[in-house]
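# Commentary on secondary and tertiary structure
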Amino acid sequence: MEAITVSQKILSKYKNVKQALELVEEGGTIHLDKATYKGKFFIHKSVTICGAHAKDSVVLEGSFVIKDGARVTIKNMTLQDDEVGVFVQEGSLTLENCDINRMSETALMVKKGSHATLRDVIIQNNQHAILSQGKVQMHFCALSNQQATQVILYPGANLKSKHTHILQGKKEAILLKGQTNVTLEDCSIFGHSGEYAQIRVQKDAELHIKSSRIYESTSGGIDAQGGRLLLNDVELYRNVGTQVKLEDSTATIIHSSIHSADIGCVVSNGSNLQLEQSQLTAHLQAQLHVSGGALHANHCSIRGGKSNAILVTECGEADIADSEIADHFLPQICVSEQGHARIERSSIHHGEHYGVWLTEQSSANIVQSNIYGHQQIQVVVAEQSYLEMDTSSVYEGYENGLHFLEESKGLISHCEVYRHGPEFPQVIVREGADPHFKQCTISESPSNAVWFLEHAKGQVEMCTIVGHGLAQLEITGESTPRVSRTTITEGGHCAIHIHESAPVIEECLFPDHIETIILEGNCAAEIVGQGAEVLADYAAFKRHEEERLSNLDEKTLERIQKAEDLAEKEARTAEIVGLVEELERRLGTNS
């Protein structure tokens, strides 16, 4: 089959593209000589149109329209300065080694039922690069500097892209509308501006990305609203705002790295994120924010953020397993607003703030995990929250190990708590909190093991408490805990110190103490077993004190009361000064 050559040379038989298209046979080839051609050309038959020289010397100031099921190949040329570069209305297109520039509407338009394959194509400085309702494949292409969204896929469209760059558009890189499907492999998407993320995935759309990078945008990396995502071996970084935002969407992220931006991932409004063997680092806000959605993180590393590692709000759920969380400036895991977290076989360590913070009626299960090395309290359970911890260790923190307050509850079983700051009890229970410690070991700290205060409740059952410098159990402030079948040994001051409280102490052992139980103030303690003899001594002391006071005149009683009030005031002043000094120390450390 003889090819047709279009040329502006004097002796050329074919001098324009329209004539060649009319005369070429089905399946034939048209060669375009070096020149600038103009016009809009309709192609009704299968044909190959090939520039005979370098693509920048064979220029069409116009467009091609493919119709009637024609299978068209266009090679080695530049298309520019029209409305649509190539319109695949009905048929198929193969575009190779071409440039498409300065189209007022789009470089390529593909209608439903049609498809296009692009290889070594550069599309730049158009309104859009691709508008498609059909199927598009791209290999070794570059799309850049479009004025509007570079690629828009409408319902029914399909895009597969490999070894392609999509960069520096004035708006999004890719917009998936409705039931569309996009697969990107070994691609780079970067440098987009405007108000939206580089890739937007709308309801019922699917996005699959493998071995690619998405970076350096002004408005986020990926934003999915009702879509489905699969990211494998993907790197997202320096996308201003949120790198991956999910709303009513489902996503799986595997073997990926998300780093160096404001927020890593937001999982909201019923979304579900499965995060596997991935790393999140160096975000200014929460690395993972679960707000009304669900997170499942396995074998992940979340490190080095300026805020939280994981923030769970608005009844969200986070399930973290076999992962490492470290080096954050705010509470590493913060669960609030009735959220829930499950932490299993994981390490949470060396944060500047709390390790785990439960607040606003939230809850957590911590199983076979280690929490250690935090500058502030390692685990805080506040505002009627609930913590269940089993077979875990909390150790070597600079302040308290666990702090229950504000009517919170918990079940702490088969756990170890040891070696905390010299001025801080390892466990504090206060303000009506009611945790249950069962078969735990609390050991090796200069201060108290557990301090119950401010109407605290709680149970200590079948535990071992050993090696504290102060009273191993401090029970004050009208607290009413129950301590049963517990061994308290090798302490310094005493085993249990009770002041103005009414605990129940039953069947406990107190070896190696100077004193077992000390009672002070008005105590209604109940002691069964070892240590019960102190009740008789306490009752005798109270009778003697009452007799002594009954023999004093009114002025002497007033002086005693004033002295007690002054002592209490001085104690409160010392406590406030201590708090101020501690705050100054923390501020100095943070600066």
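Structural notes, computed from the coordinates.

Parameters at a glance
- Residues numbered from 1 in each chain as written.
- Predicted model: local features only at pLDDT ≥ 70, side-chain atom pairs only at ≥ 80, totals over all residues.
- Heavy atoms only, no water.
- Phe/Tyr/Trp six-rings, centres within 6.5 Å; stacked < 30°, edge-to-face > 60°.
- Buried < 20%, exposed > 50% of the residue type's maximum accessible area, 1.4 Å probe, protein only.
- Helix = DSSP H or I, 4+ residues; strand = E, 2+ residues; numbered from the N terminus.
- Lys NZ or Arg CZ within 6 Å of the ring centre and 35° of its normal.
- Pairing = 2+ DSSP bridges.
- Polar contact = N/O pair within 3.5 Å; in protein donor to acceptor, adjacent residues only side chain to side chain.
- Contact = heavy atoms within 4.5 Å.
- Core = buried A, V, L, I, M, F, W, Y, C linked by side-chain atoms within 4.5 Å.

Attention shifts here to the packing of aromatic side chains. Tallied over the full model, the rule gives seven aromatic pairs. With a centroid separation of 5.7 Å and an interplanar angle of 75 degrees, the aromatic rings of Tyr354 and Trp357 are classed as edge-to-face. The buried category is assigned to Tyr354, whose relative accessible area is 17%. The interplanar angle of 10 degrees and the centroid separation of 4.9 Å between the aromatic rings of Tyr372 and Tyr395 together place this pair among those described as stacked. Here Tyr372 is found in strand β44 (residues 370-372), whereas its partner Tyr395 is found in strand β47 (residues 393-395), with 23 residues between them in sequence. Here the two residues Tyr372 and Tyr395 agree in accessibility, since each one is buried. Here the aromatic cluster, defined as three or more aromatic residues joined through ring pairs, consists of Phe190, Tyr215 and Tyr237. Above the plane of the ring of Tyr196 lies Arg200, whose end atom (NZ or CZ) is 3.8 Å from the centre.

What follows deals with the pairing of strand β33 (residues 288-291). Examined bridge by bridge, strand β30 (residues 263-268) and β33 share three bridges and lie parallel to one another. Its bridge partner being in β33, Val267 is matched across the sheet by Val290. In terms of strand pairing, β33 meets strand β36 (residues 310-313) through four bridges, oriented parallel. Following the sheet pairing, His289 is matched in β36 by Leu311.

This paragraph deals with the side chain of His328. When you line up the elements, His328 lands in the loop between β38 (324-326) and β39 (333-335). Engagement of the side chain of His328 in a polar contact is seen with the backbone oxygen of Ala326, the distance being 2.9 Å. Sequence-distant contacts of His328, that is, excluding residues within four places in its chain, are made with Gln287, Ile302, Arg303, Gly304, Gly305, Ser307, Asn308, Ala309, His350, Gly351, Glu352 and His353.

Moving on: the nonpolar core. Among the nonpolar cores identified, the biggest contains 140 residues, and Ile199, Ile310 and Leu387 are the most heavily contacted of them. For Ile199, the residues in contact, after removing those within four places along its chain, are Ile174, Leu176, Leu184, Ile189, Leu207, Ile209, Ile214, Gly221, Ile222 and Asp223. In this structure, Val65, Val84, Phe87 and Leu131 belong to the second largest nonpolar core, which totals seven residues.

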